[in-house]
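Coordinates in review
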Amino acid sequence: MQKYKKNRVAYPFLMPALISILIFTVLPILYTIFISFTNYNMYHLEDFHIIGLQNYIDVFSGSISKVFFPVLGWTIVFASLSTVGSYFIGMLLAILLNNPHMKEAKLYKGLLIIPWALPATIAILAWQGLLNEQYGGINSLLKVFGGTGVPWLTNVFWARFAIILVNLWLGFPYMLNVCLGGLQAIEPTYYESARIDGASRWQCFQKITFPMITRLSIPLIVSTFASNFNNFGNIYMITQGGPARAGSQFAGSTDILASTIYKMTTWSNRYELSATLSVIAFVIVGALTLLNLHLSGAFKEVER
């Protein structure tokens, strides 16, 4: 009874936050789910009605599937390469900077953290200028050394390469700090014991450093993958989803699910299809979040 009274006292203090979550999070999600079961678009703004699972059928096996599956595949590739690449770059740099004999380690850490410290919008716009095919800094530098300009924004391969390159540059400082923290958590006695047994540096990395850092970093890697899965800003500000994809009015060659949903909503006014894709993306990211909570042991803490 006393515990119930204490909880009842807390409710008035929680109500502003709960009401905000209900209005700005729960209700929009429920409304999006509802729209995904209707034909609400620019042709049926006033007379839309429920059509059941037809939108989902169109996405998975109808005409929209020709757009959905290629975009989903590229989204997974983009998120995977961005996450894994930034993690291994961050790990490599962390191992180098963790060397106690490197006197300039603090200076290098300060320089390497700059991409993370800069506002993302400013950094992305700077990269957009660097990748410009006519007057961009990268192509200008290549021409100085006798090379030819690279079609960064008009060729599908180079546009995707550029997007991943920018995402790696923006993402590796975070992984660098994650791995530095993981290295500090490893007991030096493990390495001492390994050296006594005759282990080489590579064997120490293979058997001690890599497994222990990865085990500590898995929840953060999963959350980073989920973030890259919906990384709308980087792609849209650099390429706007281009170059154009043949036979598709909704998505370009570098569009991921998030930017495709944006285009369906603002460019084509196909609200029912964008809501359907939003629900699918929500399920995928929600599954990754549950996996992240499981790996981080959050459920075990709740059970206690």
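Residues numbered from 1 in each chain as written. Predicted model: local features only at pLDDT ≥ 70, side-chain atom pairs only at ≥ 80, totals over all residues. Heavy atoms only, no water.

An unreviewed UniProt entry lists the protein under the name Maltose/maltodextrin transport system permease protein, with Candidatus Scybalomonas excrementavium as the source organism. Taken directly from UniProt, the Sequence similarities (unreviewed entry) text for the protein runs: "Belongs to the binding-protein-dependent transport system permease family. MalFG subfamily." According to the UniProt record, the Function (unreviewed entry) comment for the protein is "Part of the ABC transporter complex MalEFGK involved in maltose/maltodextrin import. Probably responsible for the translocation of the substrate across the membrane." (UniProt positions renumbered as here; feature names shortened; annotations may be inferred.)

Regarding the UniProt feature "domain: ABC transmembrane type-1" (unreviewed entry) in the protein
When the UniProt feature table is mapped onto this chain, "domain: ABC transmembrane type-1" (unreviewed entry) is found at residues 72-292. Helix makes up 74% of residues 72-292 and strand 0%, and the two end C-alpha atoms of the span are 21 Å apart. (Helix = DSSP H or I, 4+ residues; strand = E, 2+ residues; numbered from the N terminus.)

A look at the nonpolar core
By size, the foremost hydrophobic cluster in this structure holds 24 residues, and its most contacted members are Phe68, Phe229, Leu257 and Leu277. Among the elements of the structure, α2 (54-61), α3 (65-97), α10 (201-229), α12 (257-266) and α13 (271-296) are those that each provide at least two residues to this core. Of all the elements, α13 adds the most residues to this core, at seven residues. Other than its neighbours up to four places away in sequence, Phe229 contacts Leu72, Thr75, Ile76, Ala79, Ile256, Leu257, Ile284 and Val285. Of all hydrophobic cores here, the second largest spans 18 residues; its members include Ile163, Leu170, Ile256 and Ala258. (Core = buried A, V, L, I, M, F, W, Y, C linked by side-chain atoms within 4.5 Å. Buried < 20%, exposed > 50% of the residue type's maximum accessible area, 1.4 Å probe, protein only. Contact = heavy atoms within 4.5 Å.)

Quick notes on the pattern of salt bridges
In this structure the tally under the stated criterion is two salt bridges. The shortest N-O distance in the salt bridge between Lys263 and Asp255 comes to 2.7 Å. Each member of the pair, Lys263 as well as Asp255, is classed as buried. Arg270 serves as the salt-bridge partner of Glu272, at 2.7 Å between the closest nitrogen and oxygen. (Salt bridge = Lys/Arg side-chain N within 4 Å of Asp/Glu carboxyl O.)

Examining the UniProt feature "transmembrane region" (unreviewed entry) in the protein
On the UniProt side, "transmembrane region" (unreviewed entry) is annotated at positions that read residues 12-37, 71-98, 110-130, 150-170 and 273-295 here. The span residues 12-37 carries 92% helix and 0% strand; its end-to-end C-alpha distance comes to 36 Å. Across residues 273-295, the secondary structure splits into 100% helix and 0% strand, with the terminal C-alpha atoms separated by 33 Å.

A look at the packing of aromatic side chains
Counting across every chain of the model gives 22 aromatic pairs. Aromatic pair Phe157 and Phe161: ring centres 6.3 Å apart, planes at 25°, arrangement stacked. A residue pair is termed a helical-turn pair when its members lie 3 or 4 positions apart in one helix, as Phe157 and Phe161 do in helix α8 (residues 156-185) at four residues. The class of Phe157 is exposed, set by a relative accessible area of 53%. Judged by relative accessible area, which is 38%, Phe161 ranks as partly exposed. Aromatic pair Trp158 and Phe161: ring centres 5.6 Å apart, planes at 80°, arrangement edge-to-face. With Trp158 and Phe161 both in helix α8 and three residues apart, the pair spans about one turn of that helix. On the accessibility criterion, Trp158 (30% relative accessible area) is partly exposed. These aromatic residues form a ring-pair network of at least three members: Tyr87, Phe88, Trp202, Phe205 and Phe210. (Phe/Tyr/Trp six-rings, centres within 6.5 Å; stacked < 30°, edge-to-face > 60°.)

Details of the environment of Lys143
Looking at the secondary structure, you find Lys143 in helix α7 (residues 137-144). Residue class for Lys143 comes out partly exposed when judged on its relative accessible area of 46%. For Lys143, the contacting residues outside a window of four places in its chain are Glu133, Gln134 and Gly149.

Observations regarding unusual backbone geometry
For the peptide bond that leads from Gly242 to Pro243, omega is 0°, which places it in the cis range. Within the secondary structure layout, Pro243 lies in the loop between α11 (232-238) and α12. Notably, Asn269 is not glycine yet its phi reads approximately 60°, a positive angle. With respect to the helices and strands, Asn269 occurs in the loop between α12 and α13.

As for the environment of Glu133
Relative to the helices and strands, Glu133 resides in the loop between α6 (120-130) and α7. The class for Glu133 is partly exposed, based on a relative accessible area of 26%. When the C-alpha positions of Glu133 and Gly149 are compared, they lie 6.6 Å apart, and in sequence the two are 16 residues distant. Excluding anything up to four places from it in sequence, Glu133 contacts Asn139, Lys143, Val150, Pro151, Trp152, Leu153 and Thr154.

What about α6?
Taken together, the buried positions of α6 are occupied by Ala123, Ile124 and Trp127. Projected down its long axis, α6 carries its buried residues within an arc of 95°, all on one side. Residues of α6 that are buried make contact with α7, α8 and α11. (Arc of directions from axis to C-beta.)

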